[in-house]
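Spelled out from the first residue to the last, the chains are:
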Amino acid sequence: SQKIEQNSEALNIQEGKTATLTCNYTNYSPAYLQWYRQDPGRGPVFLLLIRENEKEKRKERLKVTFDTTLKQSLFHITASQPADSATYLCALSSSGNTPLVFGKGTRLSVIA
Amino acid sequence: NAGVTQTPKFQVLKTGQSMTLQCAQDMNHNSMYWYRQDPGMGLRLIYYSASEGTTDKGEVPNGYNVSRLNKREFSLRLESAAPSQTSVYFCASTLDYENQPQHFGDGTRLSIL
């Protein structure tokens, strides 16, 4: 069966360190993968999109990698800050005509 | 610029009551979606509308109906609410169906007693 797994339910790191979140998938051939941030009581907010033919995407302190051989995406936040504390969701779609499927999310806490 | 607006924000229903959740977007997006989010389950797609005039089932459509009223509005109806439908419901929209970031509302928190 198809699965999207985000490596841990919760991750605690110290301020200033790099946070690395993992998204693994099985039985998918995703055309693209997206990452979202969700704060308590709010809807998810789009952060980055990476296509299957792209290995890496960056936006300010954020970096996403996409390895279709390992069936994995890594999401990095460099120089993390307490304001980065949130739940981060990965989502993928097998093709343009299939709906996006979300992972369960990883709750990141950045400790000052 | 409001983005995606959901009403109501909170609602408590009794088992068997009916309810319509409203969603409107002001971004001239073609595609709209309804999700539910439960602890430990993540976001699950209920129904979507790839374009005005079309609707399709998602992963968990049972117990729900939808109406794409016009390009801006996409409503979700619970005909006979059940406690298992207690959840947070999110509406989202994208410019087009393919390969686009989703823009979410802030959700409707629905409790069914």
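This section reports on the structure supplied with the text. (Residues numbered from 1 in each chain as written. Chains lettered and ligands numbered in written order. Predicted model: local features only at pLDDT ≥ 70, side-chain atom pairs only at ≥ 80, totals over all residues. Heavy atoms only, no water.)

What follows concerns the sheet that holds strand 8 (residues 74–78) of chain B. All names here are of chain B. Spatial ordering of the open sheet is given by 1-3-8-7, a layout of four strands whose pairing is antiparallel. Of all the strands in the sheet, the pair left with one neighbour each is strand 1 (4–7) and strand 7 (64–68). Here the strands of the sheet are splayed against their neighbours by 15° on average, with no regard to which way each runs. Bridge count for strand 1 against strand 3 (residues 19–25) is four bridges, and the pairing is antiparallel. (Pairing = 2+ DSSP bridges. Helix = DSSP H or I, 4+ residues; strand = E, 2+ residues; numbered from the N terminus. Axes fitted to C-alpha atoms, helices over the stretch in contact; angles between N-to-C directions.)

With that settled, the discussion passes to the state of the cysteines. This structure, assessed with the given rule, holds two disulfides over all chains. One disulfide in the model links Cys23(A) with Cys90(A); its S-S distance is 2.0 Å. One disulfide, between Cys23(A) and Cys90(A), carries an S-S torsion of 60° and so falls in the right-handed class. Here Cys90(A) lies in strand 9 (residues 86–93) and Cys23(A) lies in strand 3 (residues 19–26), a separation of 67 residues in the sequence. Residue class for Cys23(A) comes out buried when judged on its relative accessible area of 0%. Given the relative accessible area of 0%, Cys90(A) is considered buried. With a sulfur-sulfur separation of 1.9 Å, Cys23(B) is cross-linked through a disulfide to Cys91(B). The sign of the -75° torsion about the S-S bond sets the Cys23(B)-Cys91(B) disulfide as left-handed. Note that Cys23(B) is positioned in strand 3 and Cys91(B) in strand 9 (residues 87–94), a separation of 68 residues in sequence. For Cys23(B), a relative accessible area of 3% puts it in the buried group. (Disulfide = S-S within 2.5 Å. Buried < 20%, exposed > 50% of the residue type's maximum accessible area, 1.4 Å probe, protein only.)

Moving on, we get to the sheet that holds strand 1 (residues 3–6) of chain A. Residues and elements named next belong to chain A. With antiparallel pairing, the five strands of this open sheet are ordered in space as 1-3-8-7-6. This sheet does not close on itself; its edge strands, each paired only once, are strand 1 and strand 6 (56–59). Taken pair by pair, the neighbouring strands of this sheet meet at an average axis angle of 15°, ignoring direction. Strand direction decides the pairing type here: strand 3 and strand 8 (residues 72–77), joined by six bridges, are antiparallel. Counted as the bridge partner of Leu-21 is Phe-75 from strand 8.

Attention shifts here to the interface of chain A and chain B. Put simply, an interface is often sized by how much accessible area is lost when its parts join up. Across the boundary between the two partners, chain A contributes 20 residues, which contact 19 residues of chain B. Contact between chain A and chain B buries roughly 1600 Å² in total, counting both sides, with carbon and sulfur atoms accounting for 52%. Counting the contacts that link chain A with chain B gives one salt bridge. Among the salt bridges present, the one from Asp106(B) reaches Arg42(A), with a minimum N-O distance of 3.0 Å. Going through the elements one at a time, strand 4 (32–38) and strand 5 (45–51) of chain A are the ones with two or more residues in the side of chain A that touches chain B. For the side of chain A that touches chain B, the leading source of residues is strand 4 of chain A, giving four residues. The class makeup of the residues in the side of chain A that touches chain B is nine nonpolar, eight polar and three charged. (Contact = heavy atoms within 4.5 Å. Buried area = accessible area lost by both parts, 1.4 Å probe. Salt bridge = Lys/Arg side-chain N within 4 Å of Asp/Glu carboxyl O. Nonpolar A, V, L, I, M, F, W, Y, C, P; charged D, E, K, R; others polar.)

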